[in-house]
Amino acid sequence: MTNYLEKITDPLNQWYQTSSSKAFFDWWFTELKQLVPEKYRENLFPDSKEILISHITADDEVTIWHQYQGKLQSLDFDDSVTDKEWWHKLNHFVASSDLETAVTYLIDEEQVLNREIAMPVVVANDIESVLQYELDKYIPFSAEEVVYDFRKGAIEEGSEKFPVLLTAVKKQVLKEIIDETEAKGVQLSAVDVNVGTANEPEVLGVNLLPKESRKKKDWTNLKWHVGLVVAAVLMLGFVMFT
């Protein structure tokens, strides 16, 4: 069931993330939240959490960050896991969270190859298929050697081409990250690139983690949250028009 949903949602999500519709709905959703009384807001519009981890070394030294409501800060753990290893602390935090929590591993920018390329507007909705056949035109590696993702740029009116940021990483580098985190029971949702600093990380906005390795979405919670949103809209409509 999940694989079937992903086949439908992945192309739609790729289009939506760079569309004007997303900008409108982000604005509309923010305004809608502000109309709901604060005591009901958290239940009707639950936020998600993102954990950023980086610098796994042979000595298991890591940096763990917590991104919530647009703010980035070091992750603090409760006293019950003070003496535990970092992965025990992280897994405890995720399991104890009352919000959906995604864990993203950040690769150093030096470990990846970034290329900004220009692609014809006519392939704007089929970038992935084009790259599968023409990857070696843009980078000195074949699809068998690397894992890649891309970030679609804005399409200017009247332009015949648009920018695409292509990011690739050697499969061996990615395999080491996946093997290390899986061995410690850490479920990753994404592998991104740190374009900031060690003390102030910043994500590039790609996902190099193969789909089969990603933490599966909880569609049950999504359906529940959508139901709550619909209920909130109906409630607001009733208040405004009665």
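Residues numbered from 1 in each chain as written. Predicted model: local features only at pLDDT ≥ 70, side-chain atom pairs only at ≥ 80, totals over all residues. Heavy atoms only, no water.

A.B. asks: For this particular structure, what's the right way to read the environment of Glu85?
C.D. replies: Along the chain, Glu85 falls in the loop between strand 3 (71-74) and helix 4 (86-96). Sequence separation of Glu85 and Lys184 is 99 residues, and the distance between their C-alpha atoms is 9.8 Å. (Helix = DSSP H or I, 4+ residues; strand = E, 2+ residues; numbered from the N terminus.)

A.B. asks: Even after reading the chapter, I still don't get helix 6 (residues 171-183), so can you show me in this structure?
C.D. replies: Working note: α-helix, 3.6 residues per turn, so residues spaced by three or four point in the same direction. Relative to the 18 Å expected for 13 residues at 1.5 Å per residue, helix 6 spans 18 Å between its end C-alpha atoms, a close match to the ideal helical length. By the burial criterion, the buried members of helix 6 are Leu174, Ile177, Ile178 and Thr181. Down the axis of helix 6, the sector holding all buried residues measures 95 degrees, keeping them to one side. Each element contacted by the buried residues of helix 6 is listed here: strand 4 (101-108), strand 6 (146-152), strand 7 (161-170) and strand 8 (190-194). Looking one or two places after helix 6, you find Gly185, whose phi comes out positive at around 75 degrees. (Expected span 1.5 Å × (residues − 1). Buried < 20%, exposed > 50% of the residue type's maximum accessible area, 1.4 Å probe, protein only. Arc of directions from axis to C-beta. Contact = heavy atoms within 4.5 Å.)

A.B. asks: How should I be thinking about the side chain of Asp192 in this particular structure?
C.D. replies: Along the chain, the position of Asp192 falls in strand 8. For the buried Asp192, which has no salt bridge, the nearest side chain bearing the opposite charge is Arg151, at an N-O separation of 7.4 Å. Engagement of the side chain of Asp192 in a polar contact is seen with the backbone nitrogen of Leu204, the distance being 3.4 Å. Discounting chain neighbours no more than four positions away, the residues touching Asp192 are Thr104, Tyr105, Leu106, Ile107, Val203, Leu204, Gly205 and Val206. (Lys, Arg positive; Asp, Glu negative; His and termini not counted. Salt bridge = Lys/Arg side-chain N within 4 Å of Asp/Glu carboxyl O. Polar contact = N/O pair within 3.5 Å; in protein donor to acceptor, adjacent residues only side chain to side chain.)

A.B. asks: Explanation requested: the sheet that holds strand 6 in the structure shown.
C.D. replies: The strands making up a sheet are joined through hydrogen bonds of the backbone, oriented either antiparallel or parallel. With respect to topology, three strands assemble into an open sheet ordered 5-7-6, the strand pairing being antiparallel. Each of the sheet's edge strands pairs with one partner strand only, and the pair in question is strand 5 (112-120) and strand 6. Strand-to-strand twist of the sheet, defined as the mean angle between neighbouring strand axes without regard to direction, takes the value 25 degrees. Across nine bridges, strand 5 lies against strand 7 in antiparallel orientation. Among the inter-strand pairings, Met119 is bridged to a residue of strand 7, identified as Phe162. Here helix 5 (residues 127-138) sits on the sheet in contact with strand 5, strand 6 and strand 7, set at roughly 120 degrees to strand 6. Against the sheet, helix 6 contacts strand 6 and strand 7, and its axis sits at roughly 65 degrees relative to strand 7. (Pairing = 2+ DSSP bridges. Axes fitted to C-alpha atoms, helices over the stretch in contact; angles between N-to-C directions.)

A.B. asks: I would appreciate a short explanation of the environment of Trp86 in the present structure.
C.D. replies: In this structure, Trp86 sits in helix 4. Exposure remark for Trp86: the relative accessible area of 8% places this residue in the buried category. Trp86 sits 24 residues away from Val62 along the chain, and the two C-alpha atoms are 7.7 Å apart.

A.B. asks: Mind showing me how you'd approach the pattern of salt bridges here?
C.D. replies: Two side chains that carry opposite charge are able to pair once their charged atoms sit near each other. Applying the stated criterion to the full structure yields three salt bridges. The partner of Lys137 in a salt bridge is Glu134, with the nearest N and O atoms 3.6 Å apart. Highlighted residues: Lys137 and Glu134, both in helix 5, separated by three residues, approximately one helical turn. Given a relative accessible area of 58%, Lys137 falls into the exposed group. Residue Glu134 is classed as partly exposed on the basis of its relative accessible area of 28%. The partner of Glu180 in a salt bridge is Lys184, with the nearest N and O atoms 2.9 Å apart. Glu180 sits in the partly exposed class, given a relative accessible area of 27%.

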